[in-house]
Amino acid sequence: MVFEDGSALARPERAAVALKIGLSQKASAELYDVVVIGAGPSGLASAVYGASEGLKTLVIERGAPGGQAGSSSRIENYLGFPTGLSGAELAHRAWAQAVRLGAELVGPQEVTNLCLQDEYKVLTLADGSEVRTRALVLATGVSYRTLDVPGEHHLSGAGVYYGAARTEARSCDQQDVYIVGGGNSAGQAAMYLATYARRVFILIRGESLAASMSAYLIEQIGQTDNIEILPFAQVKEVRGQDHLEEVIIVNRGQEEVRPARAMFVFIGAKPSTEWVQDILLCDKRGFLLTGRDLVSDSRFAALWKRNREPYLLETCVPGIFAAGDNRVGAMARVASAVGEGSMAIKFVHEYLDE
């Protein structure tokens, strides 16, 4: 990796890269009013509102800012951006805004453990350090589900990609590209890649995109000549030496071997909540229960000790809130995630006032 000043690092760890470009990996204080875990749209919104309203705010991110939205090539239905913007650009703007308002951001850094001490929440980080906070916002989002077909592990990052990496689009010039999945992220990727690729094939298991994709994207795809939808299709295997060369698909029961330059996979996601499931209540898929969903759960009464009902985004532990895609009932839209991250700070204030 070559940096702006001309220096280079060979096979660097993420921590070394972060240090080189000036990112902090250690919290500057031991106690915060609110700590936000995750710097996707919901986490960054919490950081902006927390810092702007005078709370001592820390954001901890284990990867890159933006979450799943950060990999989207073009978000066209976010309020205030009539021509759209990339997920990376949105994340960069939000990150800069949070810092300007006084939020402290640490990354790449991972939280490995959460424990409760009286009214404080104590977080243990991957480097062994600890951070204490009065309130906690979990905006950990979700991680991509993998295809788990022969050849996928060998070719991951070498033709098989999870998320629409904008940097890969130009390498697909006048080549055939495959997209697996029928959600909005898949549709946005298809539209972006269609400007470079010869043909873009969208593989879906069902009959149409109507059940899983916004109408505006379906209309755009229908008007784009080099995008083709393959219904009732799924990937059976991927092949290639050092890079993806062929995709083997089952199309309406018939096996086909097709040449491919790249394949982008959007087949859903799982919540990043494994490390808190022994403390917080989740549904059977691992999504966090909050607000009214908690009250209707049979396990809730034995855990909740307050004389009030939990706030809308509050988990079964008072003062711990969930915002964004890791929460039961989340809408999986950027605007919704930003709204939940902002709302979480309102409830943090109410909790701290107690």
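Scope of this entry: the structure provided in the associated data block. (Residues numbered from 1 in each chain as written. Predicted model: local features only at pLDDT ≥ 70, side-chain atom pairs only at ≥ 80, totals over all residues. Heavy atoms only, no water.)

With respect to topology, five strands assemble into an open sheet ordered 8-15-9-10-11, the strand pairing being parallel. On the outer flanks of this sheet lie strand 8 (160-162) and strand 11 (227-230), each paired with one strand and no other. If you compare each strand with its neighbour and ignore which way they point, the axes differ by 20° on average. When strand 8 meets strand 15 (residues 262-265), the two strands line up parallel, connected through three bridges. Each residue of the ladder has a partner; that of Y161, found in strand 15, is F264. The strands that helix 6 (residues 184-193) touches are strand 9 (176-180), strand 10 (199-203), strand 11 and strand 15; relative to strand 9, the one it contacts most, it runs at about 170°. (Pairing = 2+ DSSP bridges. Helix = DSSP H or I, 4+ residues; strand = E, 2+ residues; numbered from the N terminus. Axes fitted to C-alpha atoms, helices over the stretch in contact; angles between N-to-C directions. Contact = heavy atoms within 4.5 Å.)

On the surface, a cluster of positive charge is contributed by R145, K270, K284 and R285. Mapping R285 onto the fold places it in the loop between strand 16 (269-271) and helix 8 (291-295). (Patch = residues over 30% accessible without salt bridge, like charges linked within 9 Å, V, L, I, M, F, W, Y side chains within 5 Å. Areas by Shrake-Rupley, 256 points an atom, 1.4 Å probe, with all protein chains shown as cover. Salt bridge = Lys/Arg side-chain N within 4 Å of Asp/Glu carboxyl O. Lys, Arg positive; Asp, Glu negative; His and termini not counted. Charge placed at Lys NZ, Arg CZ, Asp CG, Glu CD.)

The next point concerns the side chain of N251. Inspection of the secondary structure puts N251 in strand 13 (residues 246-251). Judged by relative accessible area, N251 falls into the buried class, the value being 14%. A distance of 3.4 Å separates a polar atom in the side chain of N251 from a polar atom in the side chain of E256. Not counting chain neighbours up to four residues away, the residues in contact with N251 comprise L230, P231, F232, A233, E256 and R258. (Buried < 20%, exposed > 50% of the residue type's maximum accessible area, 1.4 Å probe, protein only. Polar contact = N/O pair within 3.5 Å; in protein donor to acceptor, adjacent residues only side chain to side chain.)

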